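Spelled out from the first residue to the last, the chains are:
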Amino acid sequence: MSRDVIVLGLGAMGSAAALHLAERGKRVLGIEQFSAAHDQGSSHGGSRMIRQAYFESPHYIPLVLRAYELWRKLERDSGKRLLHITGGLNIGSRDGELVRRTIAAAEQHAIPFEVVEGSAISRRFPVVAPLTGDAAVHETNAGYLLPEECIRAHLALASHAGAELLFEETVLSWNAEGDGVEVRTSKGTYSAEHLLITAGPWANQALHEIFPLRVTRQVMAWIQPTTGVRPFLPESFPVFLCEDLDGGFPGYGFPAIDGPAGGIKAAIHGSDWQCSPESVDREVHQADVRRIVEQLRVRMPALDGEVVRAKTCMYTMSPDEHFVIGLHPRFSSCTVACGFSGHGFKFASVVGEILADLATKGSTSHPISLFSPQRFSCDQ
Ligand SMILES: Cc1cc2nc3c(=O)[nH]c(=O)nc-3n(C[C@H](O)[C@H](O)[C@H](O)COP(=O)(O)OP(=O)(O)OC[C@H]3O[C@@H](n4cnc5c(N)ncnc54)[C@H](O)[C@@H]3O)c2cc1C
């Protein structure tokens, strides 16, 4: 039986695309090498930050606003609570990149925010010990998503809408010469009009390295605060980003959402330890967690307690850290979505909508020119 679309990889982006395609009445086959919402790729660890004042580039703001709408729709359709609004706090030097760019992005798109400065920061958030010259941008609508639950909800509704989803089955090769595509897996061969490649950190293998993507190893640590979790409860404490002392990779974290013994999840955005999904060292070492604690405790001294849990994850970095979304540079029957550069999850709901547009119509009305695969394809 031939299908309309085969989705290679059912992680954050593939699960969302499968739902949008199935809801449009397309015959969808999704193929995933592991189980649903597994912990081997980029989309595990219990929480993902979502925020609107996008300091990385204001281009993303219309997309994230649509993503919020679609996450809320997914909650309604699945009956699950997936998106929790806690507010978000970006803390750093008043003149530093993080604070200035967050304010600029928020002003440009009328995103609700307020700036808290100096000692007012610790009056409002007692666990924050600001440095001299610090300011904090508080963004009202920031919060966090439950990534595994989001993926399960996308998959369950996709399946309900008629998508055929295969797990524990690995795509070994695909061929898109001529009309349509043929996909060979560890268990069989399937054909379709169109192939969507959403392989996350496996994108280099699935796309034969046509894009200069670098996979990096990241570590998340759950730190038990020395104050206990009470001052960090999500009712009063937001998700946060803290500039590091050289203005480089920010540390970030979440409120206490894992119960009294669960600790506070924290990490440093963008460790540069290059790896591949096969070679990544999945063991967490003392030096990994020490680096996180040392950076976070500078402005949050209570985050100097025991590390109760830690886990590795992978980013797939594009050279300019913007996503890669569009038609395959060589095959018009193939669409790619990769290189989410450590900030893709919050967009997964809208990326699913975009990918369904591209796979069925070849174009989308969403603003995605920034993500064009043509900009650095090595395959021209
Ligand atoms: C520690 C960490 C923290 C992060 N924090 C945030 C955050 O706070 N906010 C945010 O927005 N983003 C965040 N991100 C980034 C975000 O999680 C990723 O951008 C996003 O999850 C990428 O989704 P994906 O679908 O591309 O990859 P994945 O979800 O990994 O999915 C790819 C899937 O393809 C499957 N696959 C690959 N090859 C094959 C094959 N040959 N056959 C069958 N299946 C295959 C894989 O098994 C996998 O399930 C974070 C990432 C990490 C690692």
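Owing to the predicted nature of the structure, the values given are computational and were not obtained by experimental measurement.

Conventions used here
Residues numbered from 1 in each chain as written. Predicted model: local features only at pLDDT ≥ 70, side-chain atom pairs only at ≥ 80, totals over all residues. Heavy atoms only, no water. Helix = DSSP H or I, 4+ residues; strand = E, 2+ residues; numbered from the N terminus. Rg over C-alpha atoms; globule rule 2.2 N^0.38 Å. Contact = heavy atoms within 4.5 Å. Buried < 20%, exposed > 50% of the residue type's maximum accessible area, 1.4 Å probe, protein only. Pairing = 2+ DSSP bridges. Axes fitted to C-alpha atoms, helices over the stretch in contact; angles between N-to-C directions. Salt bridge = Lys/Arg side-chain N within 4 Å of Asp/Glu carboxyl O. Near = heavy atom within 4 Å. Polar contact = N/O pair within 3.5 Å; in protein donor to acceptor, adjacent residues only side chain to side chain. Areas by Shrake-Rupley, 256 points an atom, 1.4 Å probe, with all protein chains shown as cover. Nonpolar A, V, L, I, M, F, W, Y, C, P; charged D, E, K, R; others polar. Right-handed = clockwise from strand over helix to strand, strands pointing away. Phe/Tyr/Trp six-rings, centres within 6.5 Å; stacked < 30°, edge-to-face > 60°.

1. Topic: the overall build of the protein chain
Phase 1 of the analysis: Across its full length, the protein chain carries eight helices and 20 strands.
Phase 2 of the analysis: Compactness check: the protein chain gives a C-alpha radius of gyration of 21 Å against a globular reference of 21 Å for 380 residues, within 12% of the reference.
Phase 3 of the analysis: Overall, the C-alpha framework of the protein chain stretches about 65 × 45 × 40 Å when taken along its three principal axes.
Phase 4 of the analysis: Within the protein chain, contacts between residues separated by at least 24 positions form 74% of all contacts whose residues are at least 6 apart in sequence.

2. Concerning the environment of S93
Phase 1 of the analysis: As for its placement among the helices and strands, S93 is situated in strand β5 (residues 88-93).
Phase 2 of the analysis: When its relative accessible area of 27% is taken as the criterion, S93 is described as partly exposed.
Phase 3 of the analysis: In this structure, S93 is in contact with V99, G133, D134, A135, E243 and R299, ignoring residues within four places of it in sequence.

3. Section: the sheet that holds strand β8 (residues 143-145)
Phase 1 of the analysis: Read from one edge to the other, the open sheet built from three strands follows the order β3-β8-β4, with strand pairing classed as antiparallel. Of all the strands in the sheet, the pair left with one neighbour each is β3 (48-50) and β4 (83-85). Strand-to-strand twist across the sheet, computed as the mean angle between neighbouring axes with direction ignored, equals 30°.
Phase 2 of the analysis: In this structure, β4 lies alongside β8, joined through three bridges in antiparallel fashion. When the sheet's bridge partners are listed, L83 is paired in β8 with L145.

4. Here we look at the pattern of salt bridges
Phase 1 of the analysis: As enumerated under the stated definition, the model contains 21 salt bridges in all.
Phase 2 of the analysis: Where D272 meets R214, a salt bridge forms, and the shortest distance between an N and an O atom there is 3.1 Å. Placement of D272 in the loop between β16 (264-268) and β17 (273-275) and of R214 in strand β13 (residues 214-223) is noted, with a sequence separation of 58 residues between them.
Phase 3 of the analysis: Note on R214: relative accessible area 30%, which makes it partly exposed.
Phase 4 of the analysis: Residue R375 is joined to D320 by a salt bridge in which the shortest nitrogen-to-oxygen separation is 2.7 Å. Taken together, the positions of R375 in the segment after α8 (348-361) and D320 in the loop between β18 (307-317) and β19 (324-327) put the pair 55 residues apart, joining distant regions of the chain.
Phase 5 of the analysis: On the accessibility criterion, R375 (28% relative accessible area) is partly exposed.
Phase 6 of the analysis: Taken together, the shared-partner salt bridges in this structure form one network comprising R24, D357 and K361.

5. Points about the site of the ligand
Phase 1 of the analysis: By nearness alone, 34 residues border the ligand, and E32, H38, S43, M49 and C313 come closest of all.
Phase 2 of the analysis: The separation between an oxygen atom of the ligand and a polar side-chain atom of H38 is 2.7 Å.
Phase 3 of the analysis: In this structure, an oxygen atom belonging to the ligand sits 2.7 Å away from a main-chain N or O atom of M49.
Phase 4 of the analysis: Contact with the protein chains hides 96% of the accessible area of the ligand, taken as 1,000 Å² for the molecule alone.
Phase 5 of the analysis: Looking at side-chain class alone, the shell around the ligand contains 17 nonpolar, 13 polar and four charged residues.

6. Brief notes about the pairing of strand β2 (residues 28-31)
Phase 1 of the analysis: By the alternation rule, side chains of β2 split into V28 and G30 and L29 and I31, which are all buried.
Phase 2 of the analysis: Following the backbone out of strand β1 (residues 3-8), through helix α1 (residues 12-23) and into the adjacent parallel β2, one traces a crossover that is right-handed.
Phase 3 of the analysis: One ladder, built from three bridges, connects β2 with strand β9 (residues 164-166); its direction is parallel. Among the inter-strand pairings, G30 is bridged to a residue of β9, identified as L165.

7. Section: the packing of aromatic side chains
Phase 1 of the analysis: All told, the structure shown has 15 aromatic pairs when counted by the stated rule.
Phase 2 of the analysis: A ring pair is formed by Y54 and F347, whose centres lie 5.4 Å apart and whose planes are at 85°; its orientation type is edge-to-face. Linking Y54 in the loop between β3 and α2 (61-78) with F347 in the loop between β20 (334-338) and α8, this pair joins segments that are 293 residues apart in sequence. Here Y54 matches F347 in class, with each residue buried.
Phase 3 of the analysis: With 6.5 Å between their ring centres and 75° between their planes, F211 and F376 make a pair best called edge-to-face. Taken together, the residues span a long stretch of sequence, with F211 in the loop between α6 (203-206) and β13 and F376 in the segment after α8 at a distance of 165 residues.
Phase 4 of the analysis: Residue class for F376 comes out buried when judged on its relative accessible area of 15%.
Phase 5 of the analysis: Of the aromatic side chains, those joined through ring pairs into one cluster are Y54, Y60, F323, F340, F347 and F371.

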